[in-house]
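Geometric and topological summary
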Amino acid sequence: GDFATKVAAASAAGFDGLSFFLSDYTTARAGGRSDAELRGMLDDHGLGVAELDVLLSWVPGSAAPAGEEGATLGAGNEDDFFRAADALGARSLNAAVFVEGGLDMDALADAFAGLCERAAAHELLVHLEFIPFSPVRDLGVALSLVERAGPNGGVMLDTWHLFRSGGSTRSLRAAPGARILAVQLNDAPAEAEANPVEETLHRRLLPGRGAIDLPGVISALRAIGSPAPLGVEVFSDDLHALPAEEAARRAIEATRAVLAESEKA
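No experiment lies behind these values; they were computed from the predicted model shown.

Scanning the protein from N- to C-terminus turns up 13 helices and seven strands. For the protein, the C-alpha radius of gyration of 17 Å lies close to 18 Å, the compact-globule estimate for 265 residues. Expressed as lengths along the three principal axes of its C-alpha atoms, the size of the protein is roughly 45 × 40 × 35 Å. Here the protein, with 265 residues, has 47% of them falling under the buried criterion. Contacts spanning at least 24 positions in sequence make up 79% of the contacts within the protein whose residues lie at least 6 apart. Here the protein has roughly 11700 Å² of accessible surface; of this, 51% comes from carbon and sulfur atoms. Computed over 21 positive and 39 negative side-chain charges, the inter-centroid distance for the protein is 5 Å.

Structure (structure tokens):
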């Protein structure tokens, strides 16, 4: 759906906010919507913008993952993201790393710290997303890279990536809670597919429908004092085939059930 459809669906389902890809914003602007109209649409529905996803160009030599989805996800430079974030009143930017060849991790840590410093001028948080098939492959690597960043820098915890990278609630409980700045809840079968990119982009599961201990994850986040809002990110061909409002309703109902279970964890 377009910007207006997503806003209406999130509001009708009962979410407090939503996340956008940069393309959601640029497509709306290209279609004639002004920044004031877009911000007004959010305000009228009582919604905030949790984050803009996903900034790749902060890393020299970065390239989006192959395929049409990758090109869409990886569009835009730093200034484009700052402009959209200012217009929409976004809380944060989500950053990731896809590069060919070797990578100097010290230089990457410095680059992330620099990004956070520039983002602070826009009152933005920045979180680095670890992805098993990227150079930032797990929670430990991500945490080591954000150590040099200011207090507005941290990690995006996507539960699919945590699970498929071999992470656990135990490793999460050992993390510094103040550095876990964003959360994307989703689920996965116990057995991984042969192609992780295909799985993550097309066949994630709604929270509570797979093998991830999501109540344990949420309990761990509370225990370490993470300030992150809980979001839902389910790339699923089956879910995307539904009307936007129905998809949003199923997402929030599944998430509320997991939250209820976490109270017992």
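Text resumes after the structure shown.
Our focus in this paragraph is the pairing of strand 5 (residues 153-158). Burial analysis of strand 5 places six of its six residues in the buried class, which makes it a mostly covered element. In this sheet, strand 5 lies alongside strand 4 (residues 125-129) in parallel orientation, the contact comprising four bridges. Each residue of the ladder has a partner; that of His127, found in strand 5, is Gly154.

Looking now at the nonpolar core. Within soluble globular proteins, side chains that are nonpolar tend to cluster in buried spots. Core analysis: the biggest nonpolar cluster contains 65 residues, and Trp58 and Ile180 have the highest contact counts within it. The residues contacting Ile180, other than those within four sequence positions of it, are Leu139, Leu143, Val155, Leu157, Ala175, Leu221, Ile224, Ser226, Pro227 and Ala228. Core analysis: the second largest hydrophobic core is formed by six residues, Leu206, Val234, Leu239 and Ala247 among them.

Our focus in this paragraph is the side chain of Ser236. By secondary structure assignment, the location of Ser236 is in the loop between strand 7 (230-232) and helix 12 (237-240). The class for Ser236 is buried, based on a relative accessible area of 8%. Once you skip the residues sitting within four places of it in the chain, Ser236 turns out to touch Leu201, His202, Arg203 and Arg204.

Strand order across the open sheet formed by seven strands is 1-2-3-4-5-6-7, with parallel pairing between neighbours. Of all strands in the sheet, those bounded by a partner on one side alone are strand 1 (17-21) and strand 7. Recorded for the sheet is a direction-independent mean angle of 30° between the axes of neighbouring strands. Here strand 2 (residues 48-55) pairs with strand 3 (residues 92-95) via three bridges, running parallel. The partner of Glu51 across the bridge, within strand 3, is Ser92.

Cis peptide bonds are those with omega within 30 degrees of zero, and the linkage from Asp53 to Val54 qualifies with -15°. Tracing the sequence through the fold places Val54 in strand 2.

In this section: the pairing of strand 4. It is a general feature of regular strands that their side chains alternate between the two faces of the sheet. Of all five residues making up strand 4, four are buried, and the element is well covered by its neighbours. Taken together, strand 4, helix 7 (residues 139-146) and strand 5 form a β-α-β motif whose crossover is right-handed.

The rules we used
- Residues numbered from 1 in each chain as written.
- Predicted model: local features only at pLDDT ≥ 70, side-chain atom pairs only at ≥ 80, totals over all residues.
- Heavy atoms only, no water.
- Helix = DSSP H or I, 4+ residues; strand = E, 2+ residues; numbered from the N terminus.
- Rg over C-alpha atoms; globule rule 2.2 N^0.38 Å.
- Buried < 20%, exposed > 50% of the residue type's maximum accessible area, 1.4 Å probe, protein only.
- Contact = heavy atoms within 4.5 Å.
- Areas by Shrake-Rupley, 256 points an atom, 1.4 Å probe, with all protein chains shown as cover.
- Lys, Arg positive; Asp, Glu negative; His and termini not counted.
- Charge placed at Lys NZ, Arg CZ, Asp CG, Glu CD.
- Pairing = 2+ DSSP bridges.
- Core = buried A, V, L, I, M, F, W, Y, C linked by side-chain atoms within 4.5 Å.
- Axes fitted to C-alpha atoms, helices over the stretch in contact; angles between N-to-C directions.
- Right-handed = clockwise from strand over helix to strand, strands pointing away.

Nothing here speaks to function; it is geometry throughout.
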